[in-house]
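# Architecture at a glance
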Amino acid sequence: MPGAVPGAVSVRRALTAPWGPGRRFEWPLRLEETDAASRGLALGAHTVAVRSVRRGDEGAWRRLRLAEDCRLAPWEATLPPGAAEGLRSFRSYVRQQGRAARRGESMALVVEADGALAGQVTVAPISWGALCSASLGYWIGSAWEGRGVMSLAVAMVLDHLLGPEVGLHRVEVSVRPENARSLALCRRLGLREEGLRRSYMHIDGQWADHVSFAVVAEETAQESGFVMRLGLKKRM
């Protein structure tokens, strides 16, 4: 994997079975960086991992979401009036996301810091054919906010999506203009800012503008990957 550091595990995929017919990528998935604190990638975290969400995460996930509800609500996607979709149970969500991942349509991933659930990264939708692209979103609990954990998690996922493991051509991240921390994360990773999308997504009960960031595979082809980029910035 580009960006590997001796003694660190840059990408570790935990598979319960080989790829099935028609699958676009390996699933379940686990990406991991060790010695993160000593390498200057994340403050206070030895190991940062990103892995497939599973049913056993329900308790920790609900506790974290309940504790962080007021802080995260201004940035949360909501259903507009009249939307046909309904709320699902956590078990139904995990089951649906597993099926979608096996079809190559999305990835629902939790972020762990030293084994504790710290946040989530969602890659959805994933489009193939002429587009070969995906959108990426994320959230993190306040205990790990501002410590580099989510920057590292997103870097790992971008390397995975744009590398040979998945092989996408483009990944984009859309951020509310008021979300200073998320804007800073995208800029820290060197994502290209493409402009403002008016009323792009229904957030916290209303349609909201978003700033669009993106990266295409050609922009990273001559580099060592986003994880390595983070490490180099820390050493500068």
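In this text the structure is predicted, and so the values were computed from the model without any measurement. (Residues numbered from 1 in each chain as written. Predicted model: local features only at pLDDT ≥ 70, side-chain atom pairs only at ≥ 80, totals over all residues. Heavy atoms only, no water.)

### Overview of the sheet that holds strand S4 (residues 116–127)
Strands sit in the order S1-S2-S3-S4-S5-S6-S8-S7 across an open sheet of eight strands; the sheet is mixed. Strands with a single pairing partner mark the edges of an open sheet, and in this sheet they are strand S1 (30–33) and strand S7 (192–203). This sheet shows a mean twist of 25° between the axes of neighbouring strands, independent of strand direction. One ladder, built from eight bridges, connects S7 with strand S8 (residues 206–216); its direction is antiparallel. Across the sheet, the residue bridging to Leu196 is Val211, located in S8. (Pairing = 2+ DSSP bridges. Helix = DSSP H or I, 4+ residues; strand = E, 2+ residues; numbered from the N terminus. Axes fitted to C-alpha atoms, helices over the stretch in contact; angles between N-to-C directions.)

### A closer look at the nonpolar core
Nonpolar side chains in soluble globular proteins tend to be buried together. By size, the foremost hydrophobic cluster in this structure holds 52 residues, and its most contacted members are Met107 and Leu136. A per-element tally of this core places helix H4 (residues 149–162) first, with 11 residues. With near-sequence residues (within four places) excluded, Leu136 lies in contact with Val121, Thr122, Val123, Val154, Val157, Leu158, Leu161, Val171, Glu172 and Val173. By size, the runner-up hydrophobic cluster in this structure holds 11 residues, among which are Leu64, Tyr93, Ala108 and Val110. (Core = buried A, V, L, I, M, F, W, Y, C linked by side-chain atoms within 4.5 Å. Buried < 20%, exposed > 50% of the residue type's maximum accessible area, 1.4 Å probe, protein only. Contact = heavy atoms within 4.5 Å.)

### Some details on H4
The terminal C-alpha atoms of H4, which comprises 14 residues, lie 20 Å apart, in line with the 20 Å expected from a rise of 1.5 Å per residue. In terms of burial, H4 is largely enclosed, as 14 of its 14 residues are buried. (Expected span 1.5 Å × (residues − 1).)

### Let's talk about the pairing of strand S5 (residues 133–140)
The element S5 is largely enclosed, with a buried count of six among its eight residues. For S4 and S5, the ladder comprises seven bridges, and the chain directions are antiparallel. Its bridge partner lying in S5, Gly119 is registered against Ile140. Hairpin connection between S4 and S5: a loop of five residues separates the two successive antiparallel strands, and Gly129 in this loop has a positive phi of roughly 65°. Relative to strand S6 (residues 170–175), S5 is paired through three bridges, and the arrangement is parallel.

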